[in-house]
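Close look at the chain arrangement
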Amino acid sequence: MSSEDIEEKRLKIHTSTEFIKKSITNHFTEPFEPRILIICGSGLGGISNRLDANKEKLVIPYSDIPNFKKSTVPGHMGTLIFGTMNRTPVVLMNGRLHGYEGNSLFDTTFPIRVLDGLKTVQTLIVTNAAGGLNHDFQTCDLMCIYDHINFPGLAGKHPLIGENMDEYGPRFLALSDAYDLELRKLLFRKQRELGISRKLHEGTYCFVSGPTFETRAECRMINAMGGDAVGMSTVPEVIVARHCGWRVLALSLITNKSVLDHPASVFDENPVALDVGIANHAEVLENGKSASTDVEHLIAAVVGDL
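Note that the coordinates shown come from a computational prediction; the quantities given were computed from them, not determined experimentally.

**Let's talk about the overall build of the protein chain**
The secondary structure content of the protein chain amounts to seven helices and nine strands. In the protein chain, which comprises 306 residues, the proportion classed as buried is 54%. Counting contacts in the protein chain only where the partners sit at least 6 residues apart, residues at least 24 apart contribute 84% of the total. Approximately 14,100 Å² of the protein chain is accessible, and the part contributed by carbon and sulfur atoms is 51%.

**What to know about the nonpolar core**
With 49 residues, the main nonpolar core has Ile20, Leu37, Leu80, Phe82 and Trp246 as its most contacted residues. Look past the residues within four positions of Leu37 in its chain and what remains in contact with it is Val91, Met93, Ile112, Leu115, Val121, Thr123, Leu124, Ile125 and Trp246. Grouped together as the second largest cluster of nonpolar side chains are 30 residues, Leu142, Leu183, Ile196 and Leu253 included.

**Considering the pairing of strand β5 (residues 123-132)**
In terms of burial, β5 is a largely internal element, ten of the ten residues being buried. Across four bridges, strand β1 (residues 36-40) lies against β5 in parallel orientation. From the neighbouring strand, Ile38 faces β5, where its bridge partner is Ile125. In terms of strand pairing, β5 meets strand β9 (residues 247-257) through ten bridges, oriented parallel.

**Examining the UniProt feature "binding site: a purine D-ribonucleoside" (unreviewed entry) in the protein chain**
Within this numbering scheme, the UniProt entry marks Glu214 and Asn256 as carrying the feature "binding site: a purine D-ribonucleoside" (unreviewed entry). The largest pairwise C-alpha distance within this set of annotated residues, which runs over 43 residues, is 12.0 Å, so the set is compact in three dimensions. Note on placement: Glu214 falls in the loop between β7 (200-207) and α5 (216-224). Ignoring anything within four residues of it in the chain, the contact list for Glu214 reads Val208, Cys219, Val230, Met232 and Ser258. Inspection of the secondary structure puts Asn256 in strand β9. Taking relative accessible area as the criterion, Asn256 reaches 6% and is therefore assigned buried.

**Here's the deal with the pattern of salt bridges**
For the structure shown, the criterion picks out 15 salt bridges. As a salt-bridge pair, Asp107 and Lys69 come within 3.4 Å of each other at their nearest N and O atoms. With Asp107 in helix α2 (residues 105-116) and Lys69 in the loop between β2 (58-61) and β3 (79-85), the pair connects residues that are 38 residues apart, well separated along the chain. Exposure remark for Asp107: the relative accessible area of 14% places this residue in the buried category. For Lys190, the salt bridge identified is with Asp305, shortest N-O distance 3.1 Å. Of this pair, Lys190 sits in helix α4 (residues 181-194) while Asp305 sits in the segment after α7 (281-304), and the two are 115 residues apart along the sequence. Classification of Asp305 as partly exposed rests on a relative accessible area of 44%. Each of Arg189, Lys190, Glu193 and Asp305 takes part in salt bridges that share partners, so that together they form one network.

**Brief notes about the packing of aromatic side chains**
Applying the stated criterion to the full structure yields five aromatic pairs. For the pair Phe28 and Phe32, a centre-to-centre distance of 4.3 Å together with 5 degrees between the ring planes defines the contact as stacked. An identical accessibility class is assigned to Phe28 and Phe32; each is buried. Considering the side-chain rings of Phe32 and Phe82, the 6.4 Å spacing of their centres and the 80 degrees angle between planes classify their relative orientation as edge-to-face. Here the residue Phe32 occupies a position in the loop between α1 (3-27) and β1, and Phe82 occupies one in strand β3, the gap between them amounting to 50 residues. We note that Phe32, like Phe82, is buried. Members of the aromatic cluster, connected to one another through ring pairs, are Tyr62, Phe68, Phe106 and Phe110. Lying over the aromatic face of Phe106, Lys9 brings its terminal NZ or CZ to 4.6 Å of the ring centre. The ring of Tyr168 carries the charged tip of Arg113 above its face, separated from the ring centre by 4.4 Å.

**Remarks on the UniProt feature "binding site: phosphate" (unreviewed entry) in the protein chain**
Within this numbering scheme, the UniProt entry marks Ser42, His76, Arg96, Leu97, His98, Ala129 and Ser233 as carrying the feature "binding site: phosphate" (unreviewed entry). Residue position: His98 is located in the loop between β4 (88-94) and α2. The buried category is assigned to His98, whose relative accessible area is 5%.

**A word on unusual backbone geometry**
With an omega dihedral of 5 degrees, the bond running from Gly210 to Pro211 counts as a cis peptide bond. Structurally, the position occupied by Pro211 is in the loop between β7 and α5. You will see that Lys119, though not glycine, has its phi angle at about 65 degrees, which is positive. For Lys119, the position within the fold is in the loop between α2 and β5. Positive phi, normally seen in glycine, also occurs at Cys140, with a value near 80 degrees.

Rules of the game
Residues numbered from 1 in each chain as written. Predicted model: local features only at pLDDT ≥ 70, side-chain atom pairs only at ≥ 80, totals over all residues. Heavy atoms only, no water. Helix = DSSP H or I, 4+ residues; strand = E, 2+ residues; numbered from the N terminus. Buried < 20%, exposed > 50% of the residue type's maximum accessible area, 1.4 Å probe, protein only. Contact = heavy atoms within 4.5 Å. Areas by Shrake-Rupley, 256 points an atom, 1.4 Å probe, with all protein chains shown as cover. Core = buried A, V, L, I, M, F, W, Y, C linked by side-chain atoms within 4.5 Å. Pairing = 2+ DSSP bridges. UniProt positions renumbered as here; feature names shortened; annotations may be inferred. Salt bridge = Lys/Arg side-chain N within 4 Å of Asp/Glu carboxyl O. Phe/Tyr/Trp six-rings, centres within 6.5 Å; stacked < 30°, edge-to-face > 60°. Lys NZ or Arg CZ within 6 Å of the ring centre and 35° of its normal.

Below is the structure:
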């Protein structure tokens, strides 16, 4: 990346940040300083229902913000929502951007750089829909992420590749502490306090590029490497948030169980149909709806303590 390229990116970030600052100033009657960014995953846009109903809200479509890309995936509205949740000022990304939509990793993580420019956001709470690889996981279970495997990153597709933006963070960023322990403890404590019976696991999330769902062999490989769940988002956002110095809490909703069995063989006398257990996006959205209330309550309770 040339110096001209990085200066162009800095200008894009600055332009978008200034637009948002002006929008906040023009909309809210009192100073509004969001402290938490919440990213709503597939089928989890209902988290926005937990914003305080009697307080001011500002909704900005991505298409209105200079240099923002539009979200094109069903279940992702593509708006920034500013408001309070349990009296805490927050900003919600109601729909995220993915690399498989044709966006660069700079594009997909761009909102985090822009919101960091407000100098008030310090915490990222990120949710996603994921396929379950751990044999103990069931559909509609929850998984608090405590580590990740970044497959595209290991292969050279990483959000921090290029000249480092030193004003954000170091050239060589440690990620062994990416997922904040105290925030994870808080999440589990809130589950107990709320009496939520839905199973909440801890585990390792594996990021893949998509848009195809994983093959059986890929699922077995990821599982053998220590992956408990697999999905097409979250990790680039986490990396950039940590580069900005934010704390991170990440929660996966297991919307389907990935197929790890070998496919039917021509030598099987009674082969299993190839479409048994096949994943589809409609299933992801439907299971997201069935578990979304518990996710919403958990996120709102955590926010209330921050």
